[in-house]
Every structure is written in C-alpha cells, then in structure tokens.
Amino acid sequence: MAKTGTTTQGLRAAIERSGYYPALVAEAVEAAVGGERVLSYLVHQETTFDSNEVRRHVTVLVLTGTRFIVSHTDEQAADGTSPSPYATTSTESVKLDRISSVVLSRVVANPESYTPGTLPREVVLTIGWGAVNRLDLEPAACGDPNCEADHGYTGSSTADDLSLRVSEAGDGPDTVRQTLAFAQALSEATTDTAR
C-alpha cells in the first residue's frame, strides 16, 4: 500500500491507513520532519516471507523544502536479545543538495505499442546520496584469448542508498502512480537545489 500527498495531515492519515504500527511510525516521521512543510510523501508497506515467517515493513519517504527524509520500520520476532516481538524504526534526513541521483526504472508491457501516459506495470525508485555505494568488480581482460597476464580488475561504483520497487500486480495501479508522482517531485526538487 502506498499513499502520496502534500500535507502533514495527509501524511499522518496515510501512515494510519497503512495500519502498520501507526503511532510508532508517525512519531518517528513527525519528529524528523519537525516544523517543515511537507511537499510530497510516499508511504509504502510491504510484506515479505522469511523462512517460515511473514514479516512486514513500512518505508515512508517525505520531501520538504530543504530535505529528503526516509523512515523505515521493521518488525522482529522474539529472539535471544528480546523475549517478545519488537519493532525497529529509523529515520534519516538528507539535505536536498546531497542527493546525487534519482533513478526511476519503468517496466512496460508490449513496448512496441506503448502509448504515452500508459501506466508501467512496475517501477523501481532508486535514490542515492552517498551514504551507501555498491561496488561491482570483475577481473579485467584483454582481447587476446591466449593472454595469461594479470590485468587487474575493472568495475563500477553505484550509489544505492535506497531502492523501492512497486508493481501494479503486487501493490496496485494507485501505488505505481503515487510512486511516479513522488519520484517526479523529488527529481524536480533536486534540480531546484542545483540552481
């Protein structure tokens, strides 16, 4: 379930509608937002399967005039550190000028007959601000198939601080639309800070 909008009251209502520890999630998000005006937000709840357990988690993305705020809450089963189930919630506040990339990948069916405005069947929103980078390395080689020299390594570094996947089949068409709207608002806000 994802919700997007532009008001603090709307953000609180979307968190409550998600039904996922709304008091805990709202308190964490509202503390991070503080007195700033909410320009856009996205609330995305996801259920995953971990061995024999069903686990839920929620991600809340908030755009203010100066910051991008990401909050993530997970539930945990009882374990060696806690005799009862518990939840962990964290928030990160990033200045807009720190955001280095906003990547929106769209998956569309039958691309040969694509009509502008048609909803993608899936989108992946990846946002990078330099906190986490993924490094993919592989042995370097030359064009000589008989060469046995060590050419070192080659690779790429990718900003991968947050990646959020939503699909029409799993999350519904409204969720896909809302993710597109949030991605556009964030992308426009990061362009504004470059001026």
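- By the naming in an unreviewed UniProt entry, the protein chain goes by Phosphodiesterase and is assigned to Streptomyces pactum.

## What to know about the sheet that holds strand 10 (residues 162-167)
Piece 1. Spatially, the three strands line up as an open sheet ordered 6-7-10, and their pairing is antiparallel. Edge positions in the sheet fall to strand 6 (101-107) and strand 10, since each of these pairs with one other strand and no more. Shown here is a sheet whose adjacent strand axes are inclined to one another by a mean of 10°, direction ignored.
Piece 2. Inspection of the sheet shows strand 7 (residues 122-128) paired to strand 10 by six bridges, in the antiparallel sense.

## Digging into the packing of helix 1 (residues 8-18) against helix 2 (residues 22-33)
Piece 1. As a packed pair, helix 1 and helix 2 sit with axes 9 Å apart at the nearest point and diverge in direction by 150°. Regarding the angle of helix 1 to helix 2, the classification is roughly antiparallel. Considering only the axes of helix 1 and helix 2, their crossing is right-handed. Contacts from Leu-11, Arg-12, Ile-15 and Glu-16 in helix 1 reach Pro-22, Val-25, Ala-26, Val-29 and Glu-30 in helix 2.
Piece 2. Tallied by class, the residues present in the contact of helix 1 with helix 2 amount to six nonpolar, no polar and three charged.

## Thoughts on helix 1
Piece 1. Regarding helix 1, the residues found buried are Gly-10, Leu-11, Ala-14, Ile-15 and Ser-18. Taken end-on, helix 1 shows its buried residues confined to a sector of 140°, consistent with a single buried face.

## Thoughts on the nonpolar core
Piece 1. In terms of nonpolar packing, the biggest core is built from 17 residues, with Leu-61, Phe-68, Ile-99, Ile-127, Trp-129, Phe-182 and Leu-186 touching the most fellow members.
Piece 2. Elements represented by at least two residues in this core include exactly strand 3 (53-64), strand 4 (67-76), strand 7, strand 10 and helix 4 (173-193).
Piece 3. Ranked by the residues each element gives to this core, the list is headed by helix 4, at four residues.
Piece 4. For Leu-61, the contacting residues outside a window of four places in its chain are Ser-40, Tyr-41, Leu-42, Phe-68, Ile-69, Val-70, Leu-125, Leu-162, Leu-164 and Phe-182.
Piece 5. Within the second largest apolar cluster, 16 residues are counted, among which are Ala-32, Val-38, Tyr-41 and Val-43.

So, how was this worked out
Residues numbered from 1 in each chain as written. Predicted model: local features only at pLDDT ≥ 70, side-chain atom pairs only at ≥ 80, totals over all residues. Heavy atoms only, no water. Pairing = 2+ DSSP bridges. Helix = DSSP H or I, 4+ residues; strand = E, 2+ residues; numbered from the N terminus. Axes fitted to C-alpha atoms, helices over the stretch in contact; angles between N-to-C directions. Parallel < 35°, antiparallel > 145°, perpendicular 65-115°, else oblique. Left-handed = near helix turned anticlockwise from the far one by under 90°. Contact = heavy atoms within 4.5 Å. Nonpolar A, V, L, I, M, F, W, Y, C, P; charged D, E, K, R; others polar. Buried < 20%, exposed > 50% of the residue type's maximum accessible area, 1.4 Å probe, protein only. Arc of directions from axis to C-beta. Core = buried A, V, L, I, M, F, W, Y, C linked by side-chain atoms within 4.5 Å.

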